[in-house]
Amino acid sequence: MDYSYVASEDKIRRAYEDGEFKNLPGYGKPLVLEDLSAIPEELRMGYKMLKNGGYNPEEYKLKSEIKTIEDLIKVSKDEHQIELYKKQLNEKTIRLNSMIKKRQVHNSSAFKDYGAKMYDKFK
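None of these values were measured; they are calculated from a predicted model.

Looking at the overall build of the protein chain
At step 1: If you tally the helices and strands in the protein chain, you get five helices and zero strands.
At step 2: In terms of overall dimensions, the protein chain is more spread out than a globule: its C-alpha atoms have a radius of gyration of 23 Å, far above the 14 Å expected for 123 residues.
At step 3: Expressed as lengths along the three principal axes of its C-alpha atoms, the size of the protein chain is roughly 75 × 45 × 30 Å.
At step 4: Entry remark: accessible area of the protein chain is about 11000 Å², with carbon and sulfur atoms responsible for 57%.
At step 5: Positive and negative side-chain charges in the protein chain, numbering 24 and 21 respectively, have mean positions lying 5 Å apart.

A few points about the pattern of salt bridges
At step 1: Here the structure, examined in full by the defined rule, presents five salt bridges.
At step 2: Glu-65 is the salt-bridge partner of Lys-92, the closest N and O atoms lying 2.9 Å from each other. With Lys-92 in helix 4 (residues 79–103) and Glu-65 in helix 3 (residues 57–75), this pair connects stretches of sequence that are 27 residues apart.
At step 3: One salt bridge in this structure joins Lys-67 and Asp-71, with 3.3 Å as the shortest N-O distance. One end of the pair, Lys-67, and the other, Asp-71, are both in helix 3, four residues apart, so they sit about a helical turn from each other.
At step 4: What makes Lys-67 partly exposed here is its relative accessible area of 43%.
At step 5: Asp-71 gets classed as partly exposed once you look at its relative accessible area, which sits at 33%.
At step 6: Residues joined in a network through salt bridges with shared partners are Asp-10, Arg-13, Arg-14 and Glu-17.

Concerning the packing of aromatic side chains
At step 1: Evaluation of the coordinates by the stated rule reveals one aromatic pair.
At step 2: Each ring, one from Tyr-16 and one from Phe-21, has its centre 6.5 Å from the other, and the planes form 35°; the classification is tilted.
At step 3: Note on Tyr-16: relative accessible area 56%, which makes it exposed.
At step 4: Judged by its relative accessible area of 30%, Phe-21 falls in the partly exposed class.

Quick notes on the nonpolar core
At step 1: Counting residues in hydrophobic clusters, the biggest one holds nine residues: Leu-62, Ile-66, Ile-69, Ile-73, Ile-82, Tyr-85, Leu-89, Leu-96 and Met-99.
At step 2: Mapped onto this core, the elements with two or more residues apiece are helix 3 and helix 4.
At step 3: The element best represented in this core is helix 4, accounting for five residues.

Cut-offs used in this document
- Residues numbered from 1 in each chain as written.
- Predicted model: local features only at pLDDT ≥ 70, side-chain atom pairs only at ≥ 80, totals over all residues.
- Heavy atoms only, no water.
- Helix = DSSP H or I, 4+ residues; strand = E, 2+ residues; numbered from the N terminus.
- Rg over C-alpha atoms; globule rule 2.2 N^0.38 Å.
- Areas by Shrake-Rupley, 256 points an atom, 1.4 Å probe, with all protein chains shown as cover.
- Lys, Arg positive; Asp, Glu negative; His and termini not counted.
- Charge placed at Lys NZ, Arg CZ, Asp CG, Glu CD.
- Salt bridge = Lys/Arg side-chain N within 4 Å of Asp/Glu carboxyl O.
- Buried < 20%, exposed > 50% of the residue type's maximum accessible area, 1.4 Å probe, protein only.
- Phe/Tyr/Trp six-rings, centres within 6.5 Å; stacked < 30°, edge-to-face > 60°.
- Core = buried A, V, L, I, M, F, W, Y, C linked by side-chain atoms within 4.5 Å.

Have a look at this one:
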């Protein structure tokens, strides 16, 4: 064991003994664990980071499907098939817009603060 590990464990132990963890939100309640069994073990950390950053894999999948349907509409010559594709496109677009609206990331103050800091950094 290295020094930083021992020091951090000691600091955590002292904080626990002093009762500093008793007023935390969710104290005494079971943790809500996500089922990540469908994600390969080597990709789980990246998946969690993307998810915590607001990235939604289902959103990405829908965007990909929408792009594919748009491409199919461009190359299709059968009017009946084009109508079916347009119906699918409308359904997927509505679902995607609903997901984006639920997220509402762009209206949060944290998002605006972060955007301002990034703008200042690249001036």
